[in-house]
Amino acid sequence: MMENLSCEKGLTRPQKSTSRSWGCHGGFTLVELLVVLAILGLLVGLVGPQVMKALGGSKTKTARIQIEDLSATLDIYRLEVGRYPTTNDGLQALVENTSGASNWNGPYLKKNQVPKDPWGFDYQYQSPGQHGSFDLWSLGADNREGGEGENQDILGWE
């Protein structure tokens, strides 16, 4: 009669003497756990690289947007001062009057600091530039000229 008692009523079956009997409290076998871990490993192996590729692409897009914003700010600087900052003044001229210009009306950047590129490096600036009035670019994740993927240069004149 004790064998007819149901686990749903909160009662337990009588325990057998074998070690495999768990009564109403079920558990997972080692094989089941290994199968779940193998599936999780496959998912991480397949999805992980795609997530990292998307992350790298977003940093490149962020650098392009920041270069466009800095270029627009440099145009405002030129309208007020009458020229672009020299290569020696650099982008720091957007937050402090490095050349002593009388028409300087800055700081031209929020937070009074020149932003770093998404990889934490300084943007490269040259005025006069080889491709226009000024050249503004980032050297990418490796902070070296050239490269592919995340290491590619992000050029403001392209």
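Residues numbered from 1 in each chain as written. Predicted model: local features only at pLDDT ≥ 70, side-chain atom pairs only at ≥ 80, totals over all residues. Heavy atoms only, no water.

Engineer: Please explain the overall build of the protein chain as it appears in this structure.
Structural biologist: Across its full length, the protein chain carries one helix and three strands. The helix and strand sequence of the protein chain, counted from the amino end, reads α-β-β-β. If you take every contact in the protein chain between residues at least 6 apart in sequence, the share linking residues at least 24 apart comes to 37%. When the accessible surface of the protein chain is summed, it comes to about 11,300 Å², and 55% of that surface belongs to carbon and sulfur atoms. (Helix = DSSP H or I, 4+ residues; strand = E, 2+ residues; numbered from the N terminus. Contact = heavy atoms within 4.5 Å. Areas by Shrake-Rupley, 256 points an atom, 1.4 Å probe, with all protein chains shown as cover.)

Engineer: Help me understand the pattern of salt bridges, please; the structure alone is not making it clear to me.
Structural biologist: When their charged atoms lie close together, side chains carrying opposite charge are able to pair. Following the criterion strictly, the structure yields two salt bridges and no others. In this structure, Asp89 engages Arg83 in a salt bridge whose closest nitrogen and oxygen atoms are separated by 3.9 Å. Exposure remark for Arg83: the relative accessible area of 32% places this residue in the partly exposed category. Linking Asp122 and Lys116 is a salt bridge whose minimum nitrogen-to-oxygen distance equals 2.6 Å. A relative accessible area of 44% places Lys116 in the partly exposed class. (Salt bridge = Lys/Arg side-chain N within 4 Å of Asp/Glu carboxyl O. Buried < 20%, exposed > 50% of the residue type's maximum accessible area, 1.4 Å probe, protein only.)

Engineer: Looking at this model, I keep getting lost on the environment of Asn103. Mind explaining?
Structural biologist: Residue position: Asn103 is located in the loop between helix 1 (30-81) and strand 1 (124-126). Owing to a relative accessible area of 45%, Asn103 belongs among the partly exposed residues under this scheme. In this structure, the C-alpha to C-alpha distance between Asn103 and Glu80, residues 23 residues apart in sequence, is 6.0 Å. Those residues in contact with Asn103 that sit more than four places away from it in its chain are Glu80, Val81 and Tyr108.

Engineer: Where do I start with the layout of surface pockets in this structure?
Structural biologist: Empty space left among the atoms is revealed by rolling a probe the size of a water molecule over them. In this model, the largest pocket occupies a volume close to 260 Å³. Forming the boundary of the largest pocket are Ile65, Gln66, Asp69, Leu70, Thr73, Tyr108, Leu109, Lys110, Lys111, Gln113, Val114 and Pro115. A class-by-class count of the residues in the lining of the largest pocket yields six nonpolar, three polar and three charged. (1 Å grid on protein atoms, 1.4 Å probe; cavity = no way out; pocket = protein on both sides within 12 Å on 5 of 7 lines; lining within 4 Å. Points joined across faces, edges and corners; volume = space filled by probe spheres on them. Nonpolar A, V, L, I, M, F, W, Y, C, P; charged D, E, K, R; others polar.)

Engineer: Quick question: what am I supposed to make of the sheet that holds strand 2 (residues 135-138) here?
Structural biologist: By definition, the strands of a sheet pair up through backbone hydrogen bonds, in either a parallel or an antiparallel sense. With antiparallel pairing, the three strands of this open sheet are ordered in space as 1-2-3. A strand with exactly one partner marks an edge of an open sheet, and here the two such strands are strand 1 and strand 3 (154-155). Here strand 2 pairs with strand 3 via two bridges, running antiparallel. Bridging across to strand 3, Trp137 finds its partner in Leu155. (Pairing = 2+ DSSP bridges.)

Engineer: Help me out: how do you make sense of the packing of aromatic side chains in this one?
Structural biologist: Aromatic ring pairs are reported here in terms of the distance separating the ring centres and the angle at which the planes meet. Counted according to the given criterion, the structure contains five aromatic pairs. Geometrically, the ring pair formed by Tyr77 and Tyr108 is edge-to-face, given 5.6 Å between the ring centres and 70 degrees between the ring planes. Placement of Tyr77 in helix 1 and of Tyr108 in the loop between helix 1 and strand 1 is noted, with a sequence separation of 31 residues between them. In terms of burial, Tyr77 and Tyr108 fall into one category: buried. (Phe/Tyr/Trp six-rings, centres within 6.5 Å; stacked < 30°, edge-to-face > 60°.)

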